[in-house]
Amino acid sequence: MASRRIRRRTSLLLIFGTFIGLFALLTLLWQHAHLQQNDLTSLLSFSKEAFITRITNGNNGATGLGSILPIDLTVNFLHLIDKAPGAPPEPIMASSASSHRSPEDFLPVVTPKNIKFRWRHEARTGSNPDDLTVTGYRVVVQAAGKIDALWDSGKVNVNEKDGVVIREVPWGGDSPPAVGQILQWSVTIWDGKQQESTSAWTKFAVGPTQEDWKGKWVAHPSDMDMFDKSTKRGKVNDDQCDGWNLRRPLPLFRTKFSIDEKDNVASALLLVSGLGSFRASVNGVPLSTSGPIDPPFTDYSKRVMYRGFDVTPFANDPEIVVGMTMGSGWWDHRPISGMAKPELLPRGPATIVAQVVITYKDGTSAVVGETGKKTGWQVSRGHIRESDLFTGEMIDLDVLANMEGWDTVSSWKEATAVDSANMNPYAEINKWVDVVPYRTDVTLEQRVQTISVRAKAMTEENAKPFPQGNNFADPIGMLVPHEIPPVMSMERIAPEEIHDLGSGRWLFDFSKAFSGMLHFDQGLPEPIVPDSYPRAHGFKKASADGHGFLTVIYGESLEMTTGDINRVLVAGLGLHDGGPRHVSKSEGATRHTYCFPEDHDDILSQRDVYVVPSKRDSSYAKARQSHFSTHSFRFAEVCCTKEPPAGVQALLYRTAVPEWGNFDSSNVVINGGYELVKNAMVSNMLSVQSDCPHREKLPYGGDLVANSPAALHFFDMSSFYKKTIYDWLEAQWGNGAYTETSVWQDLNDYAGIGHGAGETVWASAPPVLSVRHYQNYGDEELLRKSLPHHGRWLDFLDKYFDVSMEKKGYDKDLVGYHGEKSGLGDWLSLRGRDTWLTHTGFYMASARALAYIGQVLGDEKLRTKGLTRAKSIRERIAKLYLKNGQDNFDCPEGGASLTPGPEMSLFSRIVPGEKRCAVLKNYFRRSGSLWPGDEEKLFLKELKNKSLIEEMLRSGELIRDGESLTMGWSQWQGFNEGIFAIRYALKTLSEMGFHHIALRKASGFGFATPEYMMSHNATTMWESFWRSEDLYSRNHPMLGALAEWMSSSAAGISLFPTTIGGSKVLFWPRFPKSASTLQYASAEQGTPRGDFAIAWRFEGLPEDESQYDSAVVGIRIRFLVPPSGIGSLRFHISQSSATPVIRRALTMPDMSYTRSASTEECDNRRSQKLGFSYNWEYNRVKKEWFKLYNRKAIGTPCDSFLFHPSLEKTEWSIYRAVTGSMDGRLDEAMSPGLYEVMIADWRLEKEVEGSGRLGNIPELFNSQGDLGPYCSDKTEFHWNIEDATHII
């Protein structure tokens, strides 16, 4: 029996071997014939192990036996997105719709001469860490339907050990690919043992440059006429608001064509864009689940992005109908202004441009279906009665039902003539007419000049005259492919609770705030008519006409005096009347606002309306969602129905960039603070990084400077921030000034230095962000394009800064200066703002950025210019701020204790080395103060529980001020800093030996802390540290710099300051003195190399927590360095008995499994709500605040995947001593792999007490010893020109 089994196995092996040999021969012949590898030796070398290694092994779709898996392939920083993670169910489609479907939700499109391939790396399970070095790569590109390679780089040898890093691979073919081609590509990587792994294939398409477009912009003839008539005074209708309403309902566009030689079609690519926003369909099938803000927000008079859709599956349909559904977007918005000024943006009627490129198997191509005059495109008004970014959508469900299948062949009918005598747009519903070309007599030069004069970037005397025209729509800029992923549904969220508010009004609570809209999976029920409609749920005209309707109101919080949604805090453009209490604004404040919508009850509300004139149940049942207006909400009210709608889900929308970073710890408050920031950031990524997702929705430069480090931690922002920088470069004035927002809005120019410049900090965002982008992604092309612009900005500052500052009242020697002059400074701080220092400091940062970029690009002239200017500004600041002799880096005449004085100057290496420790020591003299805020006063007036009051007095959260109670802000157990100094304070403390103090700030309680926000039900970061019920936003990442500190300092992972393209990461774990603050922390940081990770925890903690200040424990730390990545391990350990030892895993564990298992376990913990445990609630009957103990998911602690039990079987090397110095001066280099460090005999200590919650820290400023880890050597404190982290 045994011998027969052996013979059978031998026979099977022989058969298998023969099969492998045959496969080898066929592979060899195929490569010789198709890949032009004529060198048989190299071919054999390449193919030797290909026969087995190309069998898929389940490692992210990669094949082969190499130790390094290529993952996350991108072209021009863009990923193919098969399906948005939160995509809603497939919509109801007409019975005549095609059975085909779009292959993907987002297809990257590039132009022929700008193609760059990038990828990341991951270690194969079981691989040897010594082999995780890239020694070669090969990129292969194929055309759709072809086996032959369109371009094959061949194997390119790389020696990473000599510092060679692959950041990108440009197209290297003899000629660029043809416009219209849909291509696929893959990359093969060779590891340190010359074994290969090949990625899965991914797609992209090749689109035209502006010059190659055949399609032309077209519009509805009535819209085009009405825009001109309502824009120019003296015409038939001289009212823009009436004209805007006469361009509603919004248009639907369509065309029909057939494709010749269907059997010969290789691919069909639809190229399309539309202003305001659009959704494309083919034969009744939507091509993507995206829609809101597509194309992305830019200055549309200069640059408009287009999408590409692979419509090859539809090519076999007998005929093809392309449809376009339109929303208003940022283009044809309601003509209303408030805290933002949309009227300054380029405007025109809804318009589209499109064409389809058919590529045949023989390589030829044809363009069909292009927009233009007499090209077969039709337009009709459709079901969207109204669409506006700041209010919402009104959808006519009867029209939606009656026009079902409008974008299919079966519903096609020939165009009719335009009835120019009829001014009723509702008569144009389902009336198809020929499109007309978009027309304007306004040139780009004319538009730029007009706003330049208004911005005072140009004088009227220098303006040139332009002829008076008759067509007044704004010009449309050049067409470029999508530079960023679209705004897509990234998460579907079920309601956590549903409350009956009475009168048929239902309140849905989705447990966290975000941007998006409701989706009704099962449609809407028939409405009821209440005796009177609740606030903002009425629709006067529909009620008067006897039409049925339902309304949805969105908001982030509840109004404390009414219990329903607080509409004031999410009021579009800040237009409201103060709400029921009318504290911030008087009653009727908006009643004379131009073009204010009738049914919003004096508050510009986030509101969707579903109208059914016929009142047919079948129409309600087909309701699903709005598409073009995202709302910021945690709560949604649906009114008015007998029962709540079933199957309600919320769709979370944001720009679909990948998530790269995360953080966790044992501290619920610190975790909660991280989530507040991340949720706010997610809410504000709607094609631009905005301030708040409801009020202004604008990209402010100051916000980007403040919280881009956090965004760069959370997400892969490579494409997003590249687009952001391009936006600012386009907005730069002719005199070199940068604006405050990337599209000029005339908001805070008064705070700048004039001549069109935004406030200096805000206007310095482009050069600062360029440096940060290069540090993270290594995109040299971006630096080359931006350098001339940044040079002009520095020239502008050199010319105007000093004289303008003096005109604004700043004495050149700061005589009489005590802060808070013209400028925004450290915005929304609780202590006084040093506006001169921030103005001047960011002038220095702009010069440093020029020097940095000049150094990278080898431009010695600009390098020297920037470095010289930065040095002179630094020396001027230091001279003035040490003038008072107090070594506190405060105002020259002292005594102001302004922000961001010492913290910014220490972090940015402005303080001279010999003064560093004196300034640091005196920093601890700062203390907190009482806070006189209105809402806090009212809270205390209505806080009547004596035991709670006594508890809060004992903790220091409340203070007796004479006979009354008050709150106060703490310098060392909370925050007082504004949007910039938060980062400077936390990072300075952690970098300079006082990490435990930074931890106390981040984990503090009471007023001006994340704990305070969460205790008032926050799920997103607030705009201000004080509570606001009627003015400041509650979804605003401006104060979010603390999130990046959590990963970089509390966990200990960040980009190395001088790294390029995220190749090198600094592991710098820092530990609290006492385990009562923190017992463990972990973080992941994605980079273009791959994912780095760190986790540390105290081990052997006593059960008795009273010993957390004195016990001797161990510390276990684990690090993960991806293939081709570099780690740098740093410690600062003052305890001589604590000596770290290190070891490395001998083979790589299955990290994919540990990640997924840990995520599942964490999700389970969050479902159990093991996070923040209480909140304040208001009893509206008793008019009294009470504390409700009610656990939440936010802040839930989770263990790192690096400590998952599945790693217990890991085989490790023998421990050895860490070679780096323990004083933080010499790092240990870490090659790819998984590492573990153990520190034994670590003695926990009691935290420094200081002089109370509002006091300072005498133990530190009175210390006579050496303060901090760097004070012994005062010469090592200067800015390194290659250091992007400390540029400002």
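Anything mentioned here points back to the structure above.
Residues numbered from 1 in each chain as written. Predicted model: local features only at pLDDT ≥ 70, side-chain atom pairs only at ≥ 80, totals over all residues. Heavy atoms only, no water.

K.L.:
I tried to follow the overall build of the protein chain on my own but got confused; where do I start?
P.N.:
Looking only at helices and strands, the protein chain has 27 helices and 50 strands in total. With respect to the principal axes defined by its C-alpha atoms, the protein chain has extents near 95 × 90 × 70 Å. Burial statistics for the protein chain: of 1288 residues in total, 64% are counted as buried. Partitioning the intrachain contacts of the protein chain with sequence separation of at least 6 by distance along the chain shows that 78% fall at a separation of at least 24. (Helix = DSSP H or I, 4+ residues; strand = E, 2+ residues; numbered from the N terminus. Buried < 20%, exposed > 50% of the residue type's maximum accessible area, 1.4 Å probe, protein only. Contact = heavy atoms within 4.5 Å.)

K.L.:
What is the right way to read the packing of helix H16 (residues 835-857) against helix H17 (residues 860-881) from this model?
P.N.:
Two measures define how a pair of helices packs: the angle their axes make with one another and the distance between the axes. Two numbers describe how H16 lies on H17: the axes approach to 7 Å, and their chain directions differ by 155°. Classified by the angle their axes make, H16 and H17 are roughly antiparallel. Handedness of the H16/H17 crossing: left-handed. Classifying every residue of the contact of H16 with H17 gives 14 nonpolar, five polar and six charged. (Axes fitted to C-alpha atoms, helices over the stretch in contact; angles between N-to-C directions. Parallel < 35°, antiparallel > 145°, perpendicular 65-115°, else oblique. Left-handed = near helix turned anticlockwise from the far one by under 90°. Nonpolar A, V, L, I, M, F, W, Y, C, P; charged D, E, K, R; others polar.)

K.L.:
Can you walk me through the sheet that holds strand E37 (residues 958-961) in this structure?
P.N.:
Adjacent strands of a sheet pair through backbone hydrogen bonds, lying either parallel or antiparallel. Strands sit in the order E36-E38-E37 across an open sheet of three strands; the sheet is antiparallel. A strand with exactly one partner marks an edge of an open sheet, and here the two such strands are strand E36 (929-931) and E37. Neighbour to neighbour, the strand axes of the sheet diverge by 55° on average, direction disregarded. Contacting E36, E37 and strand E38 (964-969), helix H20 (residues 934-941) runs over the sheet at an angle of about 140° to E38. The sheet strands contacting helix H21 (residues 946-955) are E37 and E38, and the helix crosses E37 at an angle near 95°. (Pairing = 2+ DSSP bridges.)

K.L.:
In this structure, what is going on with the sheet that holds strand E9 (residues 169-170)? I would like to understand it.
P.N.:
Read across the sheet, three strands follow the order E3-E5-E9 without closing on themselves; strand pairing throughout is antiparallel. Among the strands making up the open sheet, the edge pair consists of strand E3 (68-75) and E9. Strand direction decides the pairing type here: E3 and strand E5 (residues 116-123), joined by six bridges, are antiparallel. Directly across from Thr74, in E5, lies its bridge partner Arg118.

K.L.:
It is not clear to me how the packing of helix H11 (residues 701-714) against helix H14 (residues 765-777) should be interpreted in this structure. Could you clarify?
P.N.:
One way to put it is that H11 packs onto H14 with a least axis distance of 9 Å and a crossing angle of 10°. In terms of axis orientation, H11 runs roughly parallel to H14. Contacts between H11 and H14 pair Gly701, Leu704, Val705, Ser708, Pro709 and Leu712 from the former with Ala765, Leu769, Arg772, Asn776 and Tyr777 from the latter. Its residues assigned to classes, the contact of H11 with H14 shows seven nonpolar, three polar and one charged.

K.L.:
Help me understand H21, please; the structure alone is not making it clear to me.
P.N.:
Count 3.6 residues to each turn of an α-helix, and residues three or four apart come out pointing the same way. Along H21, the positions that sit buried rather than exposed are Leu948, Ile949, Met952 and Leu953. One side of H21 holds all its buried residues, which, seen down the axis, span an arc of 135°. Facing away from the buried side of H21, by more than 90 degrees, are the exposed residues Lys946, Ser947 and Arg954. Its buried side turned inward, H21 meets E37, E38, strand E46 (1174-1179) and strand E47 (1184-1189). (Arc of directions from axis to C-beta.)

K.L.:
What should I look at first to understand the packing of aromatic side chains in this one?
P.N.:
Each pair of aromatic rings is reported with the distance of its centres and the angle of its planes. All chains considered together, the criterion is met by 58 aromatic pairs. Between Phe801 and Tyr843, the ring centres sit 4.7 Å apart and the planes meet at 45°, which makes this aromatic pair tilted. In this pair, Phe801 is assigned in helix H15 (residues 780-807) and Tyr843 in helix H16, connecting sequence segments 42 residues apart. Assigned by exposure class, Phe801 and Tyr843 land together as buried. Here Arg1130 stacks its cationic end above the ring of Trp1068, 5.0 Å away from the centre of that ring. In this arrangement the basic side chain of Lys1187 is found over the ring face of Tyr1174, its NZ or CZ atom lying 4.5 Å from the centre. (Phe/Tyr/Trp six-rings, centres within 6.5 Å; stacked < 30°, edge-to-face > 60°. Lys NZ or Arg CZ within 6 Å of the ring centre and 35° of its normal.)

K.L.:
For this particular structure, what's the right way to read H16?
P.N.:
Spanning 23 residues, H16 covers 33 Å between terminal C-alpha atoms, matching the ideal 33 Å at 1.5 Å per step. The element H16 is extensively covered by neighbouring structure, given that 21 of its 23 residues are classed as buried. Remark: Gly858 follows H16 within two positions and exhibits a positive phi of approximately 75°. (Expected span 1.5 Å × (residues − 1).)

K.L.:
So what exactly am I meant to see when it comes to a negative patch on the surface here?
P.N.:
Residues Glu806, Asp811, Asp813 and Glu893 make up a contiguous surface patch of negative charge. Along the polypeptide, Glu893 turns up in the loop between H17 and helix H18 (902-907). Given a relative accessible area of 41%, Glu893 falls into the partly exposed group. (Patch = residues over 30% accessible without salt bridge, like charges linked within 9 Å, V, L, I, M, F, W, Y side chains within 5 Å. Areas by Shrake-Rupley, 256 points an atom, 1.4 Å probe, with all protein chains shown as cover. Salt bridge = Lys/Arg side-chain N within 4 Å of Asp/Glu carboxyl O. Lys, Arg positive; Asp, Glu negative; His and termini not counted. Charge placed at Lys NZ, Arg CZ, Asp CG, Glu CD.)

K.L.:
Looking at this structure, how should I read the pairing of strand E23 (residues 384-387)?
P.N.:
A regular strand places its side chains on the two faces of the sheet in alternate fashion. Inspection of the sheet shows E23 paired to strand E24 (residues 393-396) by three bridges, in the antiparallel sense. Paired with Glu386 across the strands is Met394, a residue of E24. Here E23 folds back onto E24, and the loop between the two strands holds five residues, one of which, Gly392, carries a positive phi near 155°.

K.L.:
What should I look at first to understand the environment of Trp1185 in this one?
P.N.:
Within the fold, Trp1185 resides in strand E47. When the C-alpha atoms of Trp1185 and Arg505 are compared, they prove to be 26 Å apart, with 680 residues separating the residues in sequence. When neighbours within four sequence positions are excluded, Trp1185 is seen to be in contact with Met560, Phe939, Glu942, Leu943, His1016, Arg1027, Trp1176, Glu1177 and Tyr1178.

K.L.:
Even after reading the chapter, I still don't get unusual backbone geometry, so can you show me in this structure?
P.N.:
For residues that are not glycine, phi is negative in most cases, and the peptide bond is trans in most cases. Cis geometry marks the peptide bond from Arg248 to Pro249, where omega comes out at 0°. Inspection of the secondary structure assignment puts Pro249 in the loop between helix H5 (240-245) and strand E14 (251-257). Of note, the bond from Cys639 into Cys640 is cis; its omega dihedral lies within 30 degrees of zero at 5°. On the secondary structure map, Cys640 appears in the loop between strand E33 (631-639) and strand E34 (648-655).

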